[in-house]
Amino acid sequence: MGSQESEIVILGIETSCDETSAAVLVNGTDLRSHIISSQIVTHQRYGGVVPEIASREHSLHIQPVVQQALDSAKVSFSDLSAIAVTYGPGLVGSLLVGVSGAKAMAYAAGIPLIGINHLEGHIYANFLHNQDLEFPFLALLVSGGHTHLILFEAHGKYRVLGHTRDDAAGEALDKVARTLGLEYPGGPQIQKVALDGDAHAFKFPRAMLEKDSLDFSFSGMKSAVLNTLNSARMRGETLNVPDLAASFQQAVVDVLVWKALRAIDQTGAKTLVLAGGVAANSLLRETLDKELSERSVRFVYPPPLFCTDNGAMIAITGYFHYLAGNFSPWTLNAVPGLGLV
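Heads up: these notes are all about the structure in this document.

Concerning the overall build of the protein chain
- Of the regular secondary structure elements, the protein chain holds 10 helices and 10 strands.
- Taken along the three principal axes of its C-alpha coordinates, the protein chain extends 70 × 45 × 30 Å.
- When the 341 residues of the protein chain are sorted by exposure, 54% land in the buried category.
- Contacts in the protein chain between residues far apart in sequence, at least 24 positions, make up 73% of those at least 6 positions apart.

So, the packing of aromatic side chains
- Counted by the stated rule, this structure contains 15 aromatic pairs.
- Considering the side-chain rings of Phe202 and Phe204, the 5.9 Å spacing of their centres and the 10° angle between planes classify their relative orientation as stacked. Comparing Phe202 with Phe204, the two get one shared label, buried.
- Following the ring pairs from residue to residue traces out a cluster consisting of Tyr124, Phe127, Phe135, Phe137, Phe152, Tyr158, Tyr319 and Phe320.

Considering the nonpolar core
- With 52 residues, the main nonpolar core has Leu140, Phe218, Phe248, Leu256, Leu272 and Leu288 as its most contacted residues.
- Contributing elements (two or more residues each) for this core: β6 (137-142), α5 (169-179), α6 (186-194), α7 (219-234), α8 (241-267), β9 (271-275) and α9 (282-294).
- Per-element accounting of this core gives the leading share, 14 residues, to α8.
- Phe248 has contacts with Ala172, Leu173, Val176, Phe204, Met221, Lys222 and Val225, leaving out every residue within four places of it along the chain.
- Ala82, Ile116, Phe137 and Ile150 belong to the second largest nonpolar core, which has 33 residues in total.

Notes on the pattern of salt bridges
- On inspection of all chains with the given rule, the structure shows 15 salt bridges.
- In this structure, Lys175 and Asp167 form a salt bridge, with 4.0 Å as the shortest nitrogen-oxygen distance.
- A relative accessible area of 9% means that Asp167 is categorised as buried.
- Across the salt bridge formed by Lys222 and Asp167, the nearest N and O atoms sit 2.8 Å from each other. In this pair, Lys222 sits in helix α7 while Asp167 sits in the loop between β8 (157-163) and α5, placing the two residues 55 residues apart along the sequence. You'll find Lys222 and Asp167 in the same group, each marked buried.
- Sharing partners across several salt bridges, the network here consists of Asp167, Glu171, Lys175 and Lys222.

Side note on the sheet that holds β8
- Taken together, the five strands give an open sheet; going across it, the order is β8-β7-β6-β9-β10, and neighbouring strands pair in mixed fashion. Only two strands of the sheet have a single neighbouring strand rather than two, namely β8 and β10 (298-300). Across the sheet, the axes of successive neighbouring strands diverge by a mean angle of 20°, strand direction being ignored.
- The strands that α8 touches are β6, β7 (147-154), β8 and β9; relative to β6, the one it contacts most, it runs at about 160°.
- Along the sheet, α9 makes contact with β6, β9 and β10, crossing β9 at roughly 180°.

Considering the side chain of Ser81
- Inspection of the secondary structure puts Ser81 in the loop between α2 (51-73) and β4 (82-88).
- Once you skip the residues sitting within four places of it in the chain, Ser81 turns out to touch Glu7, Ile8, Val9, Ile111, Pro112 and Tyr322.

A closer look at the sheet that holds strand β2 (residues 19-26)
- On the basis of which strands lie adjacent, the open sheet formed by five strands has the order β3-β2-β1-β4-β5 and mixed pairing. Each of the sheet's edge strands pairs with one partner strand only, and the pair in question is β3 (30-38) and β5 (113-117). In this sheet, neighbouring strand axes are inclined to one another by 20° on average, regardless of whether the strands run parallel or antiparallel.
- The pairing of strand β1 (residues 9-14) with β4 spans four bridges and is parallel. Each residue of the ladder has a partner; that of Leu11, found in β4, is Ile83.
- Its contacts with the sheet place helix α3 (residues 92-109) against β1, β4 and β5, and it is angled at close to 160° to β4.
- The sheet strands contacting helix α10 (residues 311-324) are β1, β2, β3, β4 and β5, and the helix crosses β1 at an angle near 135°.

As for the packing of α7 against α8
- Two elements in contact, α7 and α8, have axes separated by 11 Å at closest approach and are oriented at 165°. With respect to their mutual orientation, α7 and α8 come out roughly antiparallel. Helix-helix and strand crossings are classified by hand; for α7 and α8 the assignment is right-handed. Contact residues: Met221, Lys222, Val225, Thr228 and Leu229 in α7; Leu244, Phe248, Ala251, Val252 and Val255 in α8.
- Residue composition of the contact of α7 with α8, by class: eight nonpolar, one polar and one charged.

As for the side chain of Glu57
- Mapped onto the elements, Glu57 comes out in helix α2.
- We note that Glu57 is buried and unpaired, the nearest opposite charge coming from Arg56 at a distance of 6.1 Å.
- Leave out the neighbours within four places in its chain, and Glu57 touches Thr20, Gln39 and Thr42.

Here's the deal with the pairing of β8
- Direction of pairing for β7 relative to β8: antiparallel, over a ladder of six bridges. Directly across from His148, in β8, lies its bridge partner His163.
- Connecting the antiparallel pair β7 and β8 is a turn made up of two residues, with Gly156 showing a positive phi of about 80°.

The rules behind the values
- Residues numbered from 1 in each chain as written.
- Predicted model: local features only at pLDDT ≥ 70, side-chain atom pairs only at ≥ 80, totals over all residues.
- Heavy atoms only, no water.
- Helix = DSSP H or I, 4+ residues; strand = E, 2+ residues; numbered from the N terminus.
- Buried < 20%, exposed > 50% of the residue type's maximum accessible area, 1.4 Å probe, protein only.
- Contact = heavy atoms within 4.5 Å.
- Phe/Tyr/Trp six-rings, centres within 6.5 Å; stacked < 30°, edge-to-face > 60°.
- Core = buried A, V, L, I, M, F, W, Y, C linked by side-chain atoms within 4.5 Å.
- Salt bridge = Lys/Arg side-chain N within 4 Å of Asp/Glu carboxyl O.
- Pairing = 2+ DSSP bridges.
- Axes fitted to C-alpha atoms, helices over the stretch in contact; angles between N-to-C directions.
- Parallel < 35°, antiparallel > 145°, perpendicular 65-115°, else oblique.
- Left-handed = near helix turned anticlockwise from the far one by under 90°.
- Nonpolar A, V, L, I, M, F, W, Y, C, P; charged D, E, K, R; others polar.
- Lys, Arg positive; Asp, Glu negative; His and termini not counted.

In structure tokens, the structure reads:
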């Protein structure tokens, strides 16, 4: 391609959990390459992610994935402006593989290193297809490990309005799916099975917490499903799995939507951005789309490929950090419990 001063070329690397991903983004809008090496099949036999296996797989794949991303984009390390990498939150072993690799590459290439908060990355994935996003906007981040409502006032300036007090929505979906005998990852399986179920067959609780609270709680809803199953087994009954899946999915979506609407009422936000793995859930998207259109609130969410963990979201976040001159020191380390503050 040839390096040009007008071009900002960011290599984004993501290894926070069980996907090794790298992407090359030019000038914040031109996604030249996007490679994902998924470990889903590897972890399916265990019913969930095994941290030690995940980090070992990242070690095996990070170099070829990065090289494939560079080759597909037709760039070399000398063309890069910076390397952005997830440094938390996530599995510490997985994060360390990405951080160590990115540090070595950036140092050898003589270019800046940019540590990226994984949660921020999920939200910034929306800029890949919506460069016209205007501040302030409200973000609903729903993933396997996190459920947050965040008000973004400007790049790098945001306030967490609410978060989960126990299980994240995606975590609850995964655990219920496992209990129902569905394959990992559970969220997509719940959605698939629920298509044949009755969402009103079972009355599961909707935890709304205190008046005006924007926090979430899903552990009670998860426990209600487990109790329903255990009671049925004790009576020798077999319950309809699609009905259980549909009823639980509806309960989770109801809470997410109600809380988002409450946050809009409290903040007056005119745009809601959906992010995270659960953003791929069609019931959640359709329900929010209907409710927000009635309120004349713009609704934005990424294509399914960019809802789950990916290098492109790290590259786009890195691009905005690059513009702001937010570079990381060579002492950057993995922070598995990194928050959004």
